[in-house]
Structures are given as C-alpha cells and as structure tokens.
Amino acid sequence: MSRTSGAHTPDTHLCVLLQSEVVLSAFQQHKEVKLKSSPADLVTETDQRVEKILISAIRNRYPQHRFIGEESVAAGEHLELTDSPTWIIDPIDGTVNFVHRFPFVAISIAFTVNRQTQFGIVYSCVEDKLFYAQRGGGAFLNGEPLHASGQQDISRCVVVTEIGAERDDVALSTMTSNIRRLLQLPVHGVRALGTAAVDMCQVATGGADAYYHIGMHCWDIAASAIIVQEAGGVVMDTDGSEFDMMSRRVIAASSAAVADRIAQVIQAFPCCRDDEDNCGCGATGVN
Ligand SMILES: O=P(O)(O)O[C@H]1[C@H](O)[C@@H](O)[C@H](O)[C@H](O)[C@@H]1O
Ligand SMILES: [Mg+2]
Ligand SMILES: [Mg+2]
C-alpha cells in the first residue's frame with residue numbers, strides 16, 4: 001500500500017494504490033513486450049493484468065457502469081462514450097518507460113457521467129505521487145492543493161509535450177517542427193516525461209506552464225484534464241475549440257493567453273478520433 005494512502009482516500013484511490021504495487025513489483029522484472037500500432041507502441045502482461053483487475057473490482061461495486069480501457073479497446077472492444085457512468089482507464093501510462101525502467105509510469109482513471117468528467121486520478125507509481133481532482137472540489141497532490149502557474153507570457157513558459165508512438169513522416173515532421181517553432185519563440189524549455197498523464201499533471205502543479213499533444217488517446221488524458229482544470233488551468237483542443245477527450249488533440253495551459261499562443265504556433269497532423277471507426281486517415285484509432 002502506498003505511503004500516500006490515508007483514511008480520506010475514496011475506494012477508487014485504494015484500488016489504484018493497490019494496483020500500483022503490481023506495477024512496482026513488475027517494474028524491476030524482465031517483461032515480455034508485444035507491439036500494438038507501431039514499433040514504439042508497447043504493451044506488457046502487466047498493462048493487461050492491471051486493467052482487468054481494476055475493471056473487475058469497480059464492476060463488482062458498480063455493475064451497471066461502463067468502461068473504456070486502453071487494453072480492452074486494443075483487444076477489440078468497441079469504444080463509445082455515452083451518458084452512462086463510465087470509467088476511462090489507462091492501466092499503465094508510460095509503458096515504454098515501464099519496459100525500460102525509466103521511472104515515470106502512472107495509473108490513470110477518470111470517471112464520467114453524462115459525458116462530463118466527475119473526478120480524475122493519476123498515480124505516478126515510482127514517484128509515489130497521487131494527483132487527484134473532483135469536479136468543483138479542487139486538485140490535489142498527495143492531499144496538498146494544486147495551483148497552475150497562471151503564467152500569461154509564452155516566452156516565460158516551460159512546455160511539455162510527447163513524441164508519441166507515431167513513426168510516419170507526416171506525424172514526425174509535424175511534431176518536430178512544432179517543437180522547433182516553440183523553441184524559436186522562444187520558450188524557456190520543452191520537456192517530455194514519456195507519460196501523457198504525468199506530463200499534463202505538471203501543468204496543475206505549476207512546474208510546467210503548458211502541455212500539448214496530438215495523437216494521444218482519451219485514456220491518456222481524461223483524468224489529468226480535470227486535474228489541470230481544477231488547479232485553475234485551461235484545457236482546450238489544439239484548434240482553439242472546446243476540449244474534446246475523443247479528438248486526440250489537447251492543449252493544457254496556465255492561462256488562456258498561453259493556450260491561445262500555442263494553438264497559433266503548433267500544427268496538428270490527421271489522426272482518427274478515438275470514437276470514430278475506420279476513418280481511413282492512416283493513423284488508426286488504436287495507435
Ligand atoms: O501507451 P501508454 O499508455 O504508455 O501511453 C503513452 C502513449 O503510448 C504515447 O504514444 C504517448 O506519447 C504518451 O507517452 C502516452 O503516455
Ligand atoms: Mg497512455
Ligand atoms: Mg497505457
């Protein structure tokens with residue numbers, strides 16, 4: 001059980017913390033690795049096992065609820081977000097890090113009703129950092145309140161992003177030219193931890209001023225989006241429209257001014273929505 005659990009943690013936190021022991025004990029072990037959508041999109045038996053245990057524990061308690069789990073979708077389960085109470089689960093966010101023992105791996109769980117996120121939990125297992133937010137209740141790290149930096153000036157920002165699993169020319173040239181354009185503004189720095197969920201939580205802590213990503217999935221960022229929002233940050237689509245967790249595009253920032261500036265500078269590459277079957281744009285919904 002993690003050092004951060006306490007009497008105040010709701011059942012879900014306990015579920016997550018218990019499963020983190022599974023992740024941590026496997027972290028140092030040899031792992032059998034399978035590929036999903038690209039040579040950089042990995043999955044291990046631990047990803048699959050943690051997701052199965054989390055879903056069965058929650059389903060046991062809430063049998064009518066629905067689930068969107070990264071590895072269930074990868075195994076062919078239909079992905080649809082409805083008005084029903086729904087748990088959106090990434091059992092290990094940062095699987096490449098997990099395989100390489102790079103110490104940033106997280107369990108991410110969001111809970112939605114009527115398509116609106118009610119709470120989000122991101123547990124960075126090796127760091128033993130439990131990020132949590134409930135709608136209207138603020139954002140917390142190991143029980144301490146979180147506040148975004150409020151930075152308004154892009155030239156004074158640290159920006160976090162991810163070079164995801166895409167390895168095609170269009171995605172790679174778009175992602176690298178985005179980084180170059182931001183560095184030339186200039187910004188103070190660009191960072192990538194290898195886990196979208198923990199990346200985005202840095203905006204909630206104020207340790208970073210913005211995060212953007214094209215190509216991630218709803219399970220990567222559903223929980224961290226509400227954590228940033230409840231910490232006073234802004235979350236929106238890269239085209240400046242309202243945040244849509246299924247669009248596979250996101251900007252999270254310390255302020256609307258910084259979010260808008262990033263939206264002006266970066267370009268998106270085409271990728272299927274998470275909830276769009278066979279959209280034929282090349283980058284399928286499962287990568
Ligand atoms: O597959 P997991 O759950 O490890 O999620 C990661 C994605 O695979 C990466 O493409 C993406 O770049 C992020 O690293 C994201 O966390
Ligand atoms: Mg992930
Ligand atoms: Mg994952």
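Predicted, not measured: the structure shown is a model, and the values here were computed from it.

### Here we look at the site of ligand 1
And then number 1: The local shell around ligand 1 holds 14 residues, among which Asp90, Asp93, Gly94, Thr95 and Ala196 are the closest.
And then number 2: Taking Asp90, its side chain carries an N or O atom lying 3.0 Å from an oxygen atom of ligand 1.
And then number 3: One of the backbone N or O atoms of Ala165 is found 3.1 Å from an oxygen atom in ligand 1.
And then number 4: Take the shell around ligand 1: its biggest share by element is 3 residues, from strand E4 (residues 86-93).

### Quick notes on the coordination of the magnesium ion (ligand 3)
And then number 1: Summarising the metal site, the magnesium ion (ligand 3) is bound by the protein donors Glu70 (OE), Asp90 (OD) and Ile92 (O), whose distances to it range over 2.0 to 2.2 Å.
And then number 2: Sequence spacing among the residues donating to the magnesium ion (ligand 3) works out to E-x19-D-x1-I.
And then number 3: Metal-to-metal, the separation of the magnesium ion (ligand 3) and the magnesium ion (ligand 2) is 3.5 Å; Asp90 coordinates the two. One end of the pair, Glu70, is in helix H3 (residues 70-74); the other, Ile92, is in strand E4, and 22 residues separate them in sequence.
And then number 4: Look at Ile92 and you get buried, because its relative accessible area is 2%.

### Regarding the UniProt feature "binding site: Mg(2+) 2" (unreviewed entry) in the protein
And then number 1: According to UniProt, the "binding site: Mg(2+) 2" (unreviewed entry) feature falls on Asp90, Asp93 and Asp220. The annotated residues occupy 131 residues of the chain but converge on a single region, no pair of C-alpha atoms lying more than 6.6 Å apart.
And then number 2: Note on placement: Asp90 falls in strand E4.
And then number 3: On the accessibility criterion, Asp90 (0% relative accessible area) is buried.

### A closer look at the nonpolar core
And then number 1: Of all hydrophobic cores here, the largest spans 40 residues; its most connected members are Ile68, Ile88, Val122, Met200, Tyr211, Ile227 and Met245.
And then number 2: Breaking this core down by element, the ones donating at least two residues are strand E5 (106-113), strand E7 (129-134), strand E8 (139-141), helix H6 (196-205), helix H7 (218-230) and strand E14 (249-253).
And then number 3: Residue contributions to this core peak at 9 residues, all from H7.
And then number 4: Split by domain, the residues of this core number at least three in each of domain 1 (9-145) and domain 2 (154-265).
And then number 5: The contact partners of Ile88, leaving out residues within four places of it in the chain, are Ile68, Leu81, Ser108, Ile109, Ala110, Thr112, Cys218, Trp219, Ala222 and Met245.
And then number 6: In terms of nonpolar packing, the next biggest core, distinct from the first, is built from 26 residues, Leu54, Val105, Tyr123 and Cys125 among them.

### Considering the packing of aromatic side chains
And then number 1: Taken as a whole, this structure holds 7 aromatic pairs when the rule is applied.
And then number 2: Ring geometry for Phe27 against Phe98: centres 6.3 Å apart, planes inclined by 50 degrees, an arrangement best described as tilted. Of the two residues, Phe27 sits in helix H1 (residues 11-27) while Phe98 sits in helix H4 (residues 95-100), which places them 71 residues apart along the sequence.
And then number 3: With a relative accessible area of 5%, Phe27 lands in the buried category.
And then number 4: What makes Phe98 buried here is its relative accessible area of 0%.
And then number 5: Relative to Phe119, the ring of Trp87 lies with its centre 5.8 Å away and its plane at 75 degrees, an arrangement referred to as edge-to-face.

Reading the values: the criteria
- Along each chain, residues carry numbers from 1 onward, in the same order as the chain's sequence is written.
- Each chain takes a letter, starting from A, and each ligand takes a number, starting from 1, following the order in which they are written.
- Side-chain atom pairs in this predicted model are given and counted only at pLDDT of 80 or more, local residue features only at pLDDT of at least 70, and totals for whole chains, interfaces and linings cover all residues.
- Excluding hydrogens and water, the side-chain figures rest on all heavy atoms present in the structure.
- Think of it this way: one heavy atom of a residue within 4 Å of a molecule or strand is enough to make that residue near it.
- Each polar contact in these results corresponds to two N or O atoms within 3.5 Å; when the atoms are within protein, one needs to be able to donate a hydrogen and the other to accept it, and residues that are neighboring in sequence are counted only if both atoms are side-chain atoms.
- Helix and strand assignments follow DSSP, with helices taken as H or I runs no shorter than four residues and strands as E runs no shorter than two, numbered in order from the N terminus.
- For Na, K and Ca the donor cut-off is 3.2 Å, while for other metals it is 2.8 Å, and in both cases only N, O and S atoms qualify; water is not among them, so sites may look incomplete.
- In this scheme, a residue with accessible area under 20% of its type's maximum is buried, one over 50% is exposed, and one in between is partly exposed, where area comes from a 1.4 Å probe on protein chains only.
- UniProt positions are given in the numbering used here, feature names are shortened, and annotations may be inferred rather than shown by experiment.
- The criterion is simple. A nonpolar core is a set of buried Ala, Val, Leu, Ile, Met, Phe, Trp, Tyr and Cys residues joined through side-chain atoms within 4.5 Å.
- Segmentation into domains, and thus their bounds, comes from an automatic or database assignment.
- Contacts were defined at the residue level, with two residues in contact if any of their heavy atoms lie within 4.5 Å.
- The pairing test for Phe, Tyr and Trp rings, Trp by its six-membered ring, is centres within 6.5 Å, and the orientation test on the planes gives stacked under 30 degrees, edge-to-face over 60, and tilted for anything in between.

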